[in-house]
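Each chain, letter by letter, is given below.
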Amino acid sequence: MLRVIFLFFLFYNVCLAVSNLDFDLYKKESKQKGDTLLVIGGIHGDEPGGYFASSILVSNYKIKKGSLWVVPNLNFESLIRNRRGIHGDMNRKFNFVSKDDKDYNDIIKIKKIIKNEQIDLILNLHDGRGFYRHDWQNSIFNPSAWGQAFIIDQELLTKEHRYFNLTKLAKKVSENINSELLEDYHTFNIKNTKTKEKDEQMQLSLTYFAIKNNKPAFAVETSKNITDLTLKVKYQLKAIEGFMDIMGIKYEKDFDLNNLEDITAVINNFMDVTINDVIKLDLNNIKPNLYYFPLKNTQNSFDFKHPLGAKIYKNGIYYLKIGNKTVTKLHPQKFDYKNEIKNILIEFDGEKRKINFSDTIKVKEYFKVKANNDYRVNVIGFSKDKIVNENNIKITLDKLEKRFSISKDNKVYKIEVYKDKYFLGMILVEFD
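The present account deals with the structure reproduced in this document. (Residues numbered from 1 in each chain as written. Predicted model: local features only at pLDDT ≥ 70, side-chain atom pairs only at ≥ 80, totals over all residues. Heavy atoms only, no water.)

Section: helix H9 (residues 260-267)
Owing to its 3.6 residues per turn, the α-helix aligns residues three or four sequence positions apart on the same side. Within H9 the residues assigned to the buried category are Ile263, Val266 and Ile267. Angular distribution of buried residues about the axis of H9 spans 100°; they occupy a single face of the element. On the buried face of H9, the contacting elements are helix H2 (48-60) and helix H8 (229-247). Where H9 begins, the capping side chain belongs to Asn259, and its oxygen is found 2.9 Å from the backbone nitrogen of Glu261. (Buried < 20%, exposed > 50% of the residue type's maximum accessible area, 1.4 Å probe, protein only. Helix = DSSP H or I, 4+ residues; strand = E, 2+ residues; numbered from the N terminus. Arc of directions from axis to C-beta. Contact = heavy atoms within 4.5 Å. Polar contact = N/O pair within 3.5 Å; in protein donor to acceptor, adjacent residues only side chain to side chain.)

The structure is reproduced here in structure tokens:
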């Protein structure tokens, strides 16, 4: 029985192989000096309001004065798997963590960042259960809840600091948010855990570690009972902007925080991924399954543009993830790769151009690949009797089978290029 259990866990770990999931630190710094805010998302992997908000800071904000440091994916593997902590609660390891703990390296690294002398204030983003209220109302609205609250470990810092009054700062930001609530019961309150005196669990947390190092720190908790991710992200960003305003950090963003459709669009912009340097996929309009996808036998590289992008390899399938969302699954056909050429000549809509592998060409009427005769061209979705090499064939949209398109609107198709048994690269064709 023990051998069976061991083999099961060995199989499980092989089937769920995850790589390159160290957390990232993004430093958004302006030429005009000022205070530095550190924002941390994803310490708990099942709290997407916090980590999607922090990823938007990375992708959609520009800092004009001061500095914004962002860690959007602290507990990255747990985040991708939508679990609180696959190696236990990471937010209970800041007083002590064993060298044998799989979170050890991440804890040591984030501690060093927190203690950096440039950091002036820290926000740790969460989604908490219920709605915190000072007085008991019911099982959802009560003093034991954590949602819709600024969590502080104590009222004041132990040493003088220009941001020493944590209660005053949290009150100012909460008043600003509460003046623009989407629902009256979304009210933010301040929860002082009085960590040193009476909360042994919070003594193990990230914010208390910061406090002990004379760094003002707050946990920002939106409510898990708010099921709309857009609303949670809105409140998280309003809180972050409130602290940036207090700190004199000037910023611009490319969307309207008062427009829920804008926020939803930003959340759902999954950007693109480059695979093995010769394939690029737009993850915004992609079908949920791509079959016979040309990949290497081993050591495939995936470079996601989105801060929360990662892949999981499970049962022979590559799951491409943005946070806890599975965007598409690649069902591979294994090939040896060969780096022999970087581009091919394509004629489309009356012009000829050399197109690099991983590029996408936009076509109105037709395209024709004009590669060297040494190469075999496979236009996925096109077929004609007795034709093995689809080089130098004029192809229009009506000659392609929609089921082979990689996009949901059936307008994007793959051009794959081979030499002998080797895969050389891929170009995408998008029909207007």
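What about the pattern of salt bridges?
With the rule as written, the count across this model stands at 17 salt bridges. Its salt-bridge partner being Arg162, residue Asp35 comes within 2.8 Å of it at the nearest N-O pair. Placement of Asp35 in the loop between strand E2 (26-29) and strand E3 (36-40) and of Arg162 in the loop between strand E9 (149-152) and helix H5 (166-178) is noted, with a sequence separation of 127 residues between them. On the basis of relative accessible area, Asp35 is assigned to the buried category, the value being 14%. A salt bridge links Arg81 to Glu77; its shortest N-O distance comes to 3.2 Å. By sharing partners, the salt bridges in this structure join Asp46, Glu47, Arg84, Asp89 and Lys224 into a single network. (Salt bridge = Lys/Arg side-chain N within 4 Å of Asp/Glu carboxyl O.)

Some remarks on the environment of Ser30
One can find Ser30 in the loop between E2 and E3. Of the residues examined, Ser30 reaches a relative accessible area of 13% and is grouped as buried. Measuring from C-alpha to C-alpha, the distance between Ser30 and Asp420 comes to 51 Å, with 390 residues separating the pair along the chain. Discounting chain neighbours no more than four positions away, the residues touching Ser30 are Ile63, Lys64, Lys65 and Gly66. Only 3.5 Å separates the side chain of Ser30 from the backbone nitrogen of Lys65, close enough to count as a polar contact.

Topic: the packing of aromatic side chains
Evaluation of the coordinates by the stated rule reveals 17 aromatic pairs. Centre to centre, the rings of Phe141 and Tyr185 are 6.3 Å apart; their planes meet at 85°, and the pair counts as edge-to-face. Within this pair, whereas Phe141 is found in strand E8 (residues 141-142), its partner Tyr185 is found in the loop between H5 and strand E10 (189-192), the two being separated by 44 residues in sequence. Note on Tyr185: relative accessible area 41%, which makes it partly exposed. Consider the rings of Tyr313 and Tyr318, whose centres lie 4.6 Å apart with planes at 45°: the pair is tilted. On the basis of relative accessible area, Tyr313 is assigned to the partly exposed category, the value being 23%. The exposure class assigned to Tyr318 is buried, which follows from its relative accessible area of 6%. Pairwise contacts between aromatic rings join Phe150, Phe188, Phe218, Tyr235 and Phe243 into one cluster. Directly above the aromatic system of Tyr366 lies the positively charged group of Lys394, at a separation of 4.6 Å from the ring centroid. (Phe/Tyr/Trp six-rings, centres within 6.5 Å; stacked < 30°, edge-to-face > 60°. Lys NZ or Arg CZ within 6 Å of the ring centre and 35° of its normal.)

A closer look at the environment of Ile119
Position of Ile119 relative to the elements: it lies in the loop between helix H4 (104-115) and strand E6 (121-128). Residue Ile119 is classed as buried on the basis of its relative accessible area of 3%. The spacing of Ile119 and Asn258 is 139 residues in sequence and 29 Å in space, taken between C-alpha atoms. Ignoring any residue separated from it by four or fewer positions in sequence, one finds Ile119 in contact with Thr36, Leu38, Trp69, Ile113, Ile114 and Lys215.

Observations regarding unusual backbone geometry
One non-glycine residue, Tyr292, lies in the positive phi region at around 50°. Within the secondary structure, Tyr292 sits in strand E15 (residues 289-295). Residue classification places Tyr292 among the exposed residues on the basis of a relative accessible area of 62%. Backbone geometry places Asn315, a non-glycine residue, at a positive phi of 50°. With respect to the helices and strands, the residue Asn315 is situated in the loop between strand E17 (309-314) and strand E18 (317-322).

Comments concerning the pairing of strand E5 (residues 67-71)
For E5, a buried count of five out of five residues is recorded, marking the element as mostly surrounded by other parts of the structure. Side chains Ser67, Trp69 and Val71 of E5 all project onto a buried face; the interleaved residues Leu68 and Val70 project onto the opposite face, where all are buried too. As paired strands, E2 and E5 are joined by four bridges and run antiparallel to one another. Paired with Glu29 across the bridge in E5 is Ser67. Direction of pairing for E3 relative to E5: parallel, over a ladder of five bridges. Within E5, the residue paired with Leu38 across the bridge is Trp69. (Pairing = 2+ DSSP bridges.)

A short note on the side chain of Asn60
With respect to the element layout, Asn60 can be found in helix H2. Look at Asn60 and you get buried, because its relative accessible area is 13%. A polar contact is formed between the side chain of Asn60 and the side chain of Asp254, at a distance of 3.0 Å. Beyond its immediate sequence surroundings of up to four residues, Asn60 is in contact with Glu252, Lys253, Asp254, Phe255 and Val266.

Section: the side chain of Lys93
Following the sequence through the fold, Lys93 ends up in the loop between helix H3 (76-80) and H4. Residue Lys93 is classed as buried on the basis of its relative accessible area, which comes to 7%. A polar atom in the side chain of Lys93 sits 2.7 Å from the side chain of Asp103. Apart from the residues within four sequence positions on either side, Lys93 is in contact with His87, Gly88, Asp101, Asp103, Ile107 and Leu204.

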